[in-house]
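Descriptive structure summary
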Amino acid sequence: MKKFLVDDTTYCATTKGSGPVLLFAHGFPFDGRLFQPVVDRLATRFFCVALDLRGFGGTPLGSNGHNSLGAPRVKMGRFADDLAILGSELDCELGRKNAKIFVCGLSMGGYILLEFLRRRPQMLAGAIFCDSNAKADSEEKAKSRLYLAETIDSFGVRNLAENTIPTLISPKTAKNKPEVVETLREMISSQSALGIAAASRGMAVRRDLTDLLPTIEVPTLVLGGEDDSLSPPESLDEIASAIPSASRATIPNAGHVPPLENPDAFANAILEWHERIA
Ligand code: MLT
């Protein structure tokens, strides 16, 4: 595990491989372990960085992980700025100057990737948008996130894991891959209530970025599991058709977390796309 000073916190990340930098931004409530199986497969082509976003895994929330009233909150733009700082830091460390990077964002990581595209498209060589969407929360959804943020301490992170896992995976994963269920359970249960509250509040106030999609010029791959009920294939088709530069791939035998459920297909989709745009 490597550590990188990013503004007011220290990001923990697993790094592996050589080639252009590929930052992996995980979903909620996970950490960099979500991408572990694909990092091994993609390391021949990329310098892979599977990071723990602030408040998750080994990365402390930091003083900037709070709103003006002192409640834990990290907006998607803050996470996107962290990725930009980390990307520049890696540039220096690898002896490169202003090299463009790739960012792969899954679900909440996809919200962060869109903020990155809005703020700093010039830093990106490519964008990999997985199992996510571009819309803001409905009022009802935003309320439920704020409720989760207020109650997670007493509700318990382990209960959150038990409640959410069935919605995250394909029925085929549930039946055939108990090790994926166990990995998810361990990963979610190990997150801190503070990090969960902060990201929940941040997602609740994220902006609608649907209008950004037609303006994206960076080569983009839109990926998703065929059985993802949270970001269904039809909604990812819509996103891909709204982005002029987008390619689209669907990962078989996978729900919302294809890097764990079908890592071979997930990594191959990225490698094939990268070959086409290189
Ligand atoms: C995720 O996997 O990051 C979540 O499903 C995102 C969300 O709650 O909107």
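What counts and what doesn't
Residues numbered from 1 in each chain as written. Predicted model: local features only at pLDDT ≥ 70, side-chain atom pairs only at ≥ 80, totals over all residues. Pairing = 2+ DSSP bridges. Helix = DSSP H or I, 4+ residues; strand = E, 2+ residues; numbered from the N terminus. Near = placed C-beta within 6 Å. Nonpolar A, V, L, I, M, F, W, Y, C, P; charged D, E, K, R; others polar. Axes fitted to C-alpha atoms, helices over the stretch in contact; angles between N-to-C directions. Contact = placed C-beta atoms within 7 Å. Buried ≥ 20, exposed ≤ 12 C-beta atoms within 10 Å, placed from the backbone. Right-handed = clockwise from strand over helix to strand, strands pointing away. Parallel < 35°, antiparallel > 145°, perpendicular 65-115°, else oblique. Core = buried A, V, L, I, M, F, W, Y, C linked by C-beta atoms within 7 Å.

**Side note on the pairing of strand 2 (residues 9-17)**
- Bridge count for strand 1 (residues 2-6) against strand 2 is 5 bridges, and the pairing is antiparallel. Paired with valine 6 across the two strands is threonine 9, which belongs to strand 2.
- Strand direction decides the pairing type here: strand 2 and strand 4 (residues 47-51), joined by 5 bridges, are antiparallel. Of the residues in strand 4, the one forming a bridge with threonine 14 is alanine 50.

**Points about the site of the ligand**
- In the neighbourhood of the ligand, the contacting residues comprise Gly27, Phe28, Ser107, Met108, Met203, Leu230 and His256.
- Its residues placed into classes, the shell around the ligand shows 4 nonpolar, 3 polar and no charged.

**Comments concerning the sheet that holds strand 3 (residues 21-25)**
- The strand order across the open sheet built from 8 strands is 1-2-4-3-5-6-7-8, with neighbouring strands paired in mixed fashion. The outermost strands of the open sheet, each flanked by one partner alone, are strand 1 and strand 8 (246-251). The sheet shows a mean angle of 25 degrees between the axes of neighbouring strands, taken without regard to direction.
- Lying over the sheet, helix 9 (residues 233-242) contacts strand 7 (220-225) and strand 8, oriented at roughly 175 degrees with respect to strand 7.
- Here helix 11 (residues 263-277) sits on the sheet in contact with strand 6 (124-130), strand 7 and strand 8, set at roughly 160 degrees to strand 8.

**What to know about the pairing of strand 3**
- With 5 of its 5 residues buried, strand 3 lies for the most part within the structure.
- In this structure, strand 3 lies alongside strand 4, joined through 4 bridges in parallel fashion. Bridging from a neighbouring strand, leucine 23 pairs with valine 49 of strand 4.
- Handedness of the crossover is the feature at issue here: the chain leaves strand 3, passes through helix 1 (residues 36-42), returns alongside strand 4, and the resulting connection is right-handed.
- Alignment of strand 3 against strand 5 (residues 101-106), held across 4 bridges, turns out to be parallel. Residue leucine 22 lies in a different strand from strand 5, and its bridge partner there is phenylalanine 102.

**Quick word on the packing of helix 2 (residues 76-93) against helix 3 (residues 108-119)**
- At their nearest, the axes of helix 2 and helix 3 sit 8 Å apart, and the two run at 70 degrees to each other. Between helix 2 and helix 3, the interaxial angle falls into the category roughly perpendicular. Side by side, helix 2 and helix 3 meet where Met76, Gly77, Phe79, Ala80, Leu83 and Ala84 of the first sit next to Tyr111, Ile112, Glu115, Phe116 and Arg119 of the second.

**Let's talk about the nonpolar core**
- Ranked by size, the top nonpolar core spans 87 residues in total, and within it Leu22, Leu23, Phe24, Val49, Val103 and Ile112 carry the most contacts.
- Aside from chain neighbours lying at most four places away, what touches valine 103 is Leu23, Ala25, Leu83, Leu113, Phe116, Leu124 and Ala127.

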